[in-house]
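# Breakdown of the fold
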Amino acid sequence: MTPSAGESPRAEPGGSPPAVRTRGLFKRFGPQVAVAGVDLMVPRGSFAGLVGPNGAGKTTTLSMITGLLRPDAGSAEVGGADVWRDPVAVKSQVGVLPEGLRLFERLSGRELLSYNGQIRGIPKDEVARRAEELLKVMDLAGAADKLVVDYSTGMRKKIGLAAALLHNPKVLFLDEPFEGVDPVSASTLVEVLRRYTASGSTIIFSSHVMELVERLCDWVSVMNQGHIVAQGPLDEVRGANTLNETILDLVGARGNGEEGLSWLGSSSA
Amino acid sequence: MAWLFVRLKLRLIAGNLRGDAVRRIGFVVTLIAAVVAGFGGLALTSLLRLAPPDVAVQVGMVLFTLLAVVWIVAPLMAFGVDETLDPARLALFPLTPRQMATGMFAASAAGPWPLASILILLGAVMGLARGLTGALIGLVAVVLQVALCMVASRAVTTGLSRLLRSRRGRDLLALGVVVVILVSQLPNLLLSRGYGDDARAFLSGLASVVRWGPPGMAAHAIADGGLVGLAEVAAVAVVVLLLAWVWISTLGRAMVTADSSTQAGSVRRDRLEALLSGGPLGAVAGKQVKYLRREPRGRMGWLAAIGVSAVLIFTATGDAEAVPAVMSALGPVCMGALLIGLQSANLFGGDGGALWMSALAYSSGRDLRTDLAGRQLAVALVGVPILAVLSLAAALVAGEPLAAVPALLTGTGLLLVALGVGAVASVLMPYTFPDRLNAFSSAAPGQGAVAFAGSMVAMIATVALAVPLVLPVFLGLTWVSVLGVAYGFGIALGGRVLAASIGYPRLPEIIAAVSRPA
């Protein structure tokens, strides 16, 4: 096991490889093609948003890049190392907050962090020190000795993020980190994430809250129906419009809320 | 109102069956079981006519009481709060407690089991009643008995509904299931130990206990058929009304009381943590020991293993002169070791959807091997002391304290063999444990076959690999048990090396298999 706090063993040539790059990533579930050849590129040090409507393939793509789901075809690289061929180089560098957030329910928050650090080979005392700081920053110190099964959604997201950060990864993958999180917890999460990218680390997060993506991200990748339909620095992708309008144009959906529902609202009898 | 609730219940049953073959089969099996129980019960209880009157009454009283107990306990065991029974689901509708009680009463009367109960009770009327008045009183008694069963069952579920909805309450009830199953073995045990040589005396003893309970009175009233019978029926009616009043008032309170499931206690920081060294091995072992203690499924399995061996200790030594002490001590301990060990046949299922967290950290087969070693260590840390206690108890009951030593050594060897086999089974045939415990399914929908195959293969392989270890000891070569532990260590090591080399490339598939929605 590689001590995760250490430097990357890989020498970086002049044009250092992007934080994440996939080529032709493809996944099919039965008859349904979930991801149909995704070429995702995220430069180092960016705060990247992966956006798109429900069912666009965001979660599937992130699962394949993090090595939790085997792609049918294509390749994924993190920091220049292939996820599936060179797991030793990749796994110590990535932190993940997956969708659904299934955690070890019968451990307390503190035990969960401690377990996470120790299976990665970080010395016990160091794990305890980092866990204590993370619990404090995430405002979980009071609930640290409660079982995760009794945590609320927001608390689960925060303990999940703490677990993902514990080994100081270079690249952080977050799947819908703000969904179901109250505004106070959300601003805590944002603050921690901003501080993390400021140091040169990379975040890729999926979301369908466009305002949030516009506020946080400097890079966006837009997915629709298993493809990347636009990708680049935020300002280039959205141009003069808001991100929300850009995406509605790209995805080709315009609201049809005008027809029907004429009875809805208090003006009708 | 009542009719509306009955329709709701039928609609829920129908909706539950839609598009799921397994559930449909399950429902058909339930229906068949109810029909068999109903008509079989009817036939058997009507046969009471042929028994001597005093025996018939005693059987009737015990039977009525048993039925009431089953009605009260069964919904709790099945975690039971189906939607028509959970007052919280109905709290937002504009209903008075009285309307709700009527509705829920009607809903719970609709279904195969209430009808089966009525059939059994009608059979008892045929079997017990002597003469016309007895039959007439009997019909009233049957109606009252059914009402008693339903009202008592509803009152208990409503009273406990807060508890049933909280995580802690369900954890406790899971243990209750094992206790109920073990307690149901008690009469069996008593009879086999010779306390019930005289079955008649046993029966009348039991009957005298339940004589003045409401179900006992209802049964007695049928057989009596006179003024005493009428008085008893009246008494049962009063009890039913009283229970109904209690139920309606708890219902009123249950509708406006908040869910307590979010108020949770803290866990103690662990002393064990200090004993286990840091690093991956200690972390995994520590996590597993905590899971064994905190997760209801784990506790159930261990309690069942201990319970079964305890029952065996007493039954196996029933006729002590026939069997040598070493063997009668060895049998229960090996059984306990096997039952504990077989729980490790789906190691990753216990982690469930959380397995990704470990998988994300493991970057070689070596890491997975360490993980498996940690899990084996955890089971051994808890299992070997339990086996030691069982061995000592079995040896003492068999009257040969020294027999504890070979029994413990052999049991430990067997446990280690089971752990080695379990590691391989865990990577080859992983499946999801369902979130909610129930007695009939141990796997997520659609994975029943994998679960069954997994535990069968693991059991057969364990037994086959354990033969060279257990058989010589059984045949009297007790010194072989010394080699048994070493043999077990070998199998456990081989098992986890093999499992890690098969399992590491399969990790994404294993995660998918243990994370199914259930």
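Residues numbered from 1 in each chain as written. Chains lettered and ligands numbered in written order. Predicted model: local features only at pLDDT ≥ 70, side-chain atom pairs only at ≥ 80, totals over all residues. Heavy atoms only, no water.

By the naming in an unreviewed UniProt entry, chain B goes by Transporter and is assigned to Sphaerisporangium album.

In plain terms, the rule: UniProt positions are given in the numbering used here, feature names are shortened, and annotations may be inferred rather than shown by experiment.
Under an unreviewed UniProt entry, chain A has the name ABC transporter ATP-binding protein and belongs to Sphaerisporangium album. Listed in UniProt under the heading Subcellular location (unreviewed entry), the comment for chain A reads: "Cell membrane".

### Side note on the nonpolar core
We apply this condition: Among buried residues, those of type Ala, Val, Leu, Ile, Met, Phe, Trp, Tyr and Cys that are joined through side-chain atoms within 4.5 Å constitute a nonpolar core. Each residue is placed in one exposure class: buried if its accessible area under a 1.4 Å probe, protein chains only, is under 20% of its type's maximum, exposed if it is over 50%, and partly exposed if it falls in between. We call two residues in contact whenever any of their non-hydrogen atoms come within 4.5 Å of each other.
Judged by nonpolar contacts, the single largest core of 106 residues is most densely connected at V20, L172, F173, F178 and F205 of chain A. Apart from residues no more than four positions distant in its own chain, V20 of chain A is found in contact with L40, M41, V42, I65, E77, V171, F173 and I204 of chain A. Residues V57, L121, A147 and A219 of chain B belong to the second largest nonpolar core, which totals 36 residues.

### Things to note about the interface of chain A and chain B
Note the threshold: Put simply, buried area is the surface a 1.4 Å probe can reach on two separate parts but cannot reach once they are joined, added for both. Any carboxyl oxygen of Asp or Glu within 4 Å of a side-chain nitrogen of Lys or Arg constitutes a salt bridge here. Each polar contact in these results corresponds to two N or O atoms within 3.5 Å; when the atoms are within protein, one needs to be able to donate a hydrogen and the other to accept it, and residues that are neighboring in sequence are counted only if both atoms are side-chain atoms. Strands here mean DSSP runs of E at least two residues long; helices mean DSSP runs of H or I at least four residues long; both are numbered from the N terminus. Think of it as three bins: nonpolar holds Ala, Val, Leu, Ile, Met, Phe, Trp, Tyr, Cys and Pro, charged holds Asp, Glu, Lys and Arg, and polar takes everything else, Gly as well.
Taken together, the contact pairs 35 residues of chain A with 45 residues of chain B. When residues of chain A are sorted by the area they lose upon contact with chain B, R102, F104 and R106 of chain A head the list and together hold 21% of the total. Across the salt bridge formed by E509 of chain B and R70 of chain A, the nearest N and O atoms sit 2.8 Å from each other. Where chain A meets chain B, there are 12 residue pairs in polar contact (both at pLDDT 80 or more). Going through the elements one at a time, α2 (87-91) and α3 (109-119) of chain A are the ones with two or more residues in the side of chain A that touches chain B. The biggest single contributor to the side of chain A that touches chain B is α3 of chain A, with 8 residues. The residue inventory of the side of chain A that touches chain B, partitioned by class, reads 17 nonpolar, 6 polar and 12 charged.

### Here we look at the pattern of salt bridges
All names here are of chain A. Within this structure, the stated rule accounts for 17 salt bridges over all chains. Between E132 and R110 there is a salt bridge, with the nearest N and O atoms lying 2.7 Å from each other. Placement of E132 in helix α4 (residues 124-137) and of R110 in helix α3 is noted, with a sequence separation of 22 residues between them. The salt bridge involving R238 is made with D235; its shortest N-O contact spans 3.0 Å. Taken together, the residues R238 and D235, both in helix α8 (residues 234-238) and 3 residues apart, mark about one turn of the helix.

### Structural notes on the UniProt feature "domain: ABC transporter" (unreviewed entry) in chain A
Mapped onto the present numbering, the UniProt feature "domain: ABC transporter" (unreviewed entry) falls on residues 20-250 of chain A. End C-alpha to end C-alpha, residues 20-250 of chain A measures 23 Å, and it is 38% helix and 26% strand.

### Structural notes on helix α9 (residues 243-251) of chain A
Our working definition: Summarising the geometry, the arc corresponds to the directions from the helix axis toward the C-beta atoms.
Taken together, the buried positions of α9 of chain A are occupied by L243, T246 and I247 of chain A. Around the axis of α9 of chain A, the buried residues are gathered within 95° of arc, so they sit on the same side.

### Regarding the sheet that holds strand β10 (residues 219-224) of chain A
Residue and element names in this part refer to chain A. Cut-off, in case you're wondering: DSSP bridges decide pairing: two strands pair if at least two such bridges lie between them. All axes here are fitted lines through C-alpha atoms, helices being fitted over the stretch that makes contact, and every angle between N-to-C directions spans 0 to 180 degrees.
Taken together, the 6 strands give an open sheet; going across it, the order is β7-β8-β9-β4-β10-β11, and neighbouring strands pair in mixed fashion. Single-partner strands in this sheet number two, and they are β7 (94-97) and β11 (227-233). Within the sheet, the average angular offset between the axes of one strand and its neighbour, ignoring direction, is 15°. Summarising the sheet, β7 and strand β8 (residues 171-175) pair through 4 bridges and their orientation is parallel. Bridge pairing in β8 links L97 to L174. Seen against the sheet, helix α5 (residues 153-165) touches β7 and β8 and runs at an angle of roughly 170° to β7. On top of the sheet, α9 reaches β4 (47-51), β10 and β11; it is set at about 30° to β10, its chief contact.

### Quick look at the domain arrangement of chain A
Many analyses report the size of an interface as the accessible area lost when the parts associate. Residue and element names in this part refer to chain A. This is how the line gets drawn: As annotated, the domain borders come from an automatic or database domain assignment.
Here chain A is described as being made up of domain 1 (41-93 + 173-249) and domain 2 (101-168). The C-alpha-based centres of domain 1 and domain 2 are spaced at 23 Å. Both faces combined, the contact of domain 1 with domain 2 buries some 1000 Å², and carbon together with sulfur accounts for 69% of it. The interface formed by domain 1 and domain 2 includes 0 salt bridges. Along the contact surface separating domain 1 from domain 2 lie 3 residue pairs in polar contact (both at pLDDT 80 or more). Secondary structure elements with two or more residues in the side of domain 1 that touches domain 2: β8 and α6 (183-198). A per-element tally of the side of domain 1 that touches domain 2 places α6 first, with 6 residues. For the side of domain 1 that touches domain 2, the per-class residue count stands at 7 nonpolar, 4 polar and 4 charged.

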